[in-house]
Structures are given as C-alpha cells and as structure tokens.
Amino acid sequence: MTIMLRYKDYRQLIDQVNAGKNINLWGKQNIGKTLTVKNCLLKDINLESVYLNLEYPFSVDHLFKVIPMSFSFYYQQDWQNIISELSDGYNRLLVIDNFDRLHFVSNTFSHDLFRLQQLAQLENFSLLLISRMPLEYFHFPDFANYFEKLELNETNTWTFGQHHKIALTAEQ
C-alpha cells in the first residue's frame, strides 16, 4: 500500500518550497511523508536539493559537515562563511528527515538548533523538516516560528494499492 499527498496540498507544498518557505511536514509514522518528499517533491522542483536522514546511528556534527559538502562548500570554511555562501545565488532546499530525533542525539542541542535557525532565516534557502509531531511539541517555539506547518493525515492523502501506479492529476 502506498500513501500520497492529495494534489491540492501537494501543489501547495511545491509552491511554498519554490517560494523559499520553510516547511515542517509532520504526521504519524507510515503516513507517506518520506515517500512524498523523496519520490515526488525532489523530482518535481528545480531547486538544488539535499536530503539528509537523521536515523540512528547518527552524529549531529556529521550533519553540519554534510550540509556544506552537499552544497559544494566542503570543510575549509567556518559556519558563518557557509551561511554567507548559502545566502548568495539561487534558491536551495535542505530536507532533514526524522527531525524529531535531533534532540536525542545532540550534546549541544541549543547550539545546533541555533545553526539550523540561521539556515531558516535565509531568504533563498528552504528547510523542509520531516517529523512525527509538529515542532511546537518539542518545546522550541522560537525555532518553530520560522516554519509553515503541513500535517499529512487521512484527510489530505490518497491510499493506493501496490498494484496501482501513482499518477497525480489536477482532478485529484
């Protein structure tokens, strides 16, 4: 069985990402968040995009090394220079899947959240955080203020059997 976001909501998600908005895509486990992003959204947008997954085992320090590497900035620069370079040029998208695991694996959580907040404040850089709960649930409301919320649930998703091919049309 495959679950997919309905066309109207999916179109809204694409428009928000293309407009440089930060999105918190949340919903219960196995509702189709990762499928929607990896198999559809990243193919349907024209932004330079990087997908990172915070599944265990995971090091937060690794996250902040992978971000500059993934956008071709490598290791030689400090974080402030990376922020500065990411703010130049055209729109980019960073997807962090399983974001709700960040506070379990970070020894310097407030500093790490501050670094992510710097990314969220950039004009031409979008953060798409995938989690099981909305950001407010994790008790960092200041950070959550930088994000539009989109919940995947039974009212805004379609369910397809495995033998059906997924096709999004305007009628859906």
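Look a little higher up for the structure.
The paragraphs below set out a description of the structure included in this document. (Residues numbered from 1 in each chain as written. Predicted model: local features only at pLDDT ≥ 70, side-chain atom pairs only at ≥ 80, totals over all residues. Heavy atoms only, no water.)

Pairing is parallel across the open sheet formed by five strands, whose spatial order is S3-S4-S5-S2-S6. Whereas interior strands pair on both sides, the edge strands pair on one side only; in this sheet they are strand S3 (48-53) and strand S6 (148-151). Neighbouring strand axes in the sheet, compared pairwise and without regard to direction, differ in orientation by 15° on average. Alignment of strand S2 (residues 23-26) against strand S5 (residues 125-131), held across four bridges, turns out to be parallel. Across the sheet, the residue bridging to Asn24 is Leu129, located in S5. Sheet contacts for helix H3 (residues 60-70): S3 and strand S4 (92-97); angle to S3, the most-contacted strand, approximately 160°. (Pairing = 2+ DSSP bridges. Helix = DSSP H or I, 4+ residues; strand = E, 2+ residues; numbered from the N terminus. Axes fitted to C-alpha atoms, helices over the stretch in contact; angles between N-to-C directions. Contact = heavy atoms within 4.5 Å.)

Below, the discussion takes up the side chain of Gln117. Position of Gln117 among the secondary structure elements: in helix H6 (residues 109-120). Assessed through its relative accessible area of 19%, Gln117 is described here as buried. If we ignore the near neighbours within four places in the chain, the residues touching Gln117 are Phe143 and Tyr146. (Buried < 20%, exposed > 50% of the residue type's maximum accessible area, 1.4 Å probe, protein only.)

As a further point, take the pattern of salt bridges. Here the structure, examined in full by the defined rule, presents five salt bridges. Taking the shortest distance from any N to any O, the salt bridge between Lys28 and Glu154 comes out at 2.5 Å. Of the two residues, Lys28 sits in the loop between S2 and helix H2 (33-44) while Glu154 sits in the loop between S6 and strand S7 (157-160), which places them 126 residues apart along the sequence. Where Arg115 meets Asp112, a salt bridge forms, and the shortest distance between an N and an O atom there is 3.0 Å. With a gap of three residues between them, Arg115 and Asp112 both fall in helix H6, about one helical turn apart. Using a relative accessible area of 1% as the deciding quantity, one classes Asp112 as buried. (Salt bridge = Lys/Arg side-chain N within 4 Å of Asp/Glu carboxyl O.)

With that out of the way, let us pick up the packing of aromatic side chains. Applying the stated rule across the entire model yields five aromatic pairs. Ring plane angle 90° and centroid distance 5.3 Å describe the contact between Tyr137 and Phe138, whose orientation is recorded as edge-to-face. Phe138 gets classed as buried once you look at its relative accessible area, which sits at 13%. An aromatic cluster is built from Phe99, Phe143 and Phe147, whose rings are joined through pairwise contacts. The cationic tip of Arg6 hangs over the ring face of Trp158; the distance from NZ or CZ to the ring centre is 4.0 Å. In this structure, Arg92 is placed above the aromatic ring of Tyr90, and the distance from its NZ or CZ to the ring centre is 5.2 Å. (Phe/Tyr/Trp six-rings, centres within 6.5 Å; stacked < 30°, edge-to-face > 60°. Lys NZ or Arg CZ within 6 Å of the ring centre and 35° of its normal.)

To continue, consider unusual backbone geometry. Positive phi, normally seen in glycine, also occurs at Asn30, with a value near 65°. Along the chain, the position of Asn30 falls in the loop between S2 and H2. You can call Asn30 exposed: its relative accessible area is 65%. We note that Asn98 has phi near 60°; this positive angle belongs to a residue other than glycine. Position of Asn98 among the secondary structure elements: in the loop between S4 and helix H5 (102-105). With a relative accessible area of 12%, Asn98 lands in the buried category.

One way to put it is that helix H1 (residues 7-18) packs onto H2 with a least axis distance of 11 Å and a crossing angle of 60°. In terms of orientation, H1 lies oblique with respect to H2. The chirality of how H1 crosses H2 is right-handed. Across the interface between the two elements, Tyr10, Leu13, Ile14 and Val17 from H1 touch Thr36, Cys40, Leu41 and Asp44 from H2. Classifying every residue of the contact of H1 with H2 by side-chain character gives six nonpolar, one polar and one charged. (Parallel < 35°, antiparallel > 145°, perpendicular 65-115°, else oblique. Left-handed = near helix turned anticlockwise from the far one by under 90°. Nonpolar A, V, L, I, M, F, W, Y, C, P; charged D, E, K, R; others polar.)

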